[in-house]
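Residue-level structure breakdown
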Amino acid sequence: MGRRNARKLAFYLLFQYDFADAADYEEVKNTFLTLNEEEMTDNDRNYVIEKTDGTMANIDRIDEIIGNYAIGWSVDRLSKVDKAILRLAVYEIKFAPDVPDGVAVNEAVELAKTYSSDEAPAFINGILGKVLGSEENA
């Protein structure tokens, strides 16, 4: 499948999670993986699980980071699509050393171009640029 499509599936899972209760993440994940198993290799499945589990394990910190840089927007007010894209990208930037920062940003912008509003790619790029430029990332 490839890393780009595995990342897209990780985004899909995070997006679906936002419609469920926090306690239901494992159920949402297991259902998602079952429904998409024919589309994924073992490497893809491992990538999706690693990135989404990592995002969920750090969700409070990730949302705090997003909130710090989404000036005038609370995380709760963001569209579910933009929130899922940002959560995955911030996880990759802050907590996944196997993903180069530039790749995380570029992939997030590409997801926004495909799945969100016309304004979203610039909005997401701006937030992630601020995350990359922050002292805590240095």
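In what follows, the structure referred to is the one given above.
Presented here is an overview of the structure given in this document. (Residues numbered from 1 in each chain as written. Predicted model: local features only at pLDDT ≥ 70, side-chain atom pairs only at ≥ 80, totals over all residues. Heavy atoms only, no water.)

1. Focus on the overall build of the protein chain
Scanning the protein chain from terminus to terminus reveals seven helices and zero strands. Each helix and strand of the protein chain, placed in order from N terminus to C terminus, yields the pattern α-α-α-α-α-α-α. Taken over the C-alpha atoms alone, the protein chain extends approximately 40 × 30 × 30 Å along its principal axes. Within the protein chain, the fraction of its 138 residues that count as buried is 46%. At a minimum sequence separation of 6, the contacts of the protein chain that also span at least 24 residues come to 71%. When the accessible area of the protein chain is evaluated, it comes to approximately 7200 Å², of which 47% is carbon and sulfur surface. When the 15 basic and 26 acidic side-chain charges of the protein chain are each reduced to a single mean position, those positions are 4 Å apart. (Helix = DSSP H or I, 4+ residues; strand = E, 2+ residues; numbered from the N terminus. Buried < 20%, exposed > 50% of the residue type's maximum accessible area, 1.4 Å probe, protein only. Contact = heavy atoms within 4.5 Å. Areas by Shrake-Rupley, 256 points an atom, 1.4 Å probe, with all protein chains shown as cover. Lys, Arg positive; Asp, Glu negative; His and termini not counted. Charge placed at Lys NZ, Arg CZ, Asp CG, Glu CD.)

2. Description of the packing of helix α5 (residues 80–95) against helix α6 (residues 101–115)
Their axes nearest at 9 Å, the elements α5 and α6 cross at an angle of 170°. On the basis of the axis angle, α5 is roughly antiparallel to α6. Residues V81, I85, A89, E92 and I93 of α5 pack against D101, A104, V105, A108, L111, A112 and Y115 of α6. Taken together, the residues of the contact of α5 with α6 sort by class into 10 nonpolar, no polar and two charged. (Axes fitted to C-alpha atoms, helices over the stretch in contact; angles between N-to-C directions. Parallel < 35°, antiparallel > 145°, perpendicular 65-115°, else oblique. Nonpolar A, V, L, I, M, F, W, Y, C, P; charged D, E, K, R; others polar.)

3. Observations regarding the environment of I66
Secondary-structure assignment places I66 in helix α4 (residues 59–69). Not counting residues within four places of it along the chain, the set of residues in contact with I66 comprises V75, L78, L86, R87 and V90.

4. Overview of α5
The terminal C-alpha atoms of α5 lie 22 Å apart, and with 16 residues this matches the ideal 22 Å at 1.5 Å per residue to within 8%. Most of α5 is tucked away, with 14 of its 16 residues classed as buried. (Expected span 1.5 Å × (residues − 1).)

5. Observations concerning the side chain of R7
Here R7 is to be found in helix α1 (residues 3–17). On the basis of relative accessibility, which here comes to 3%, the residue R7 falls in the buried class. Among all residues touching R7, those that are not within four sequence positions of it are Y47, L88, E92, V99, V103 and E107.

6. Thoughts on the pattern of salt bridges
In the structure shown here, the tally under the stated rule is 13 salt bridges. Residue K51 is joined to E50 by a salt bridge in which the shortest nitrogen-to-oxygen separation is 3.2 Å. E50 gets classed as partly exposed once you look at its relative accessible area, which sits at 41%. Between R61 and E64 there is a salt bridge, with the nearest N and O atoms lying 3.2 Å from each other. With R61 and E64 both in helix α4, this residue pair falls three residues apart, about one helical turn. (Salt bridge = Lys/Arg side-chain N within 4 Å of Asp/Glu carboxyl O.)

Note that all results are geometric; they support no functional claim without further evidence.
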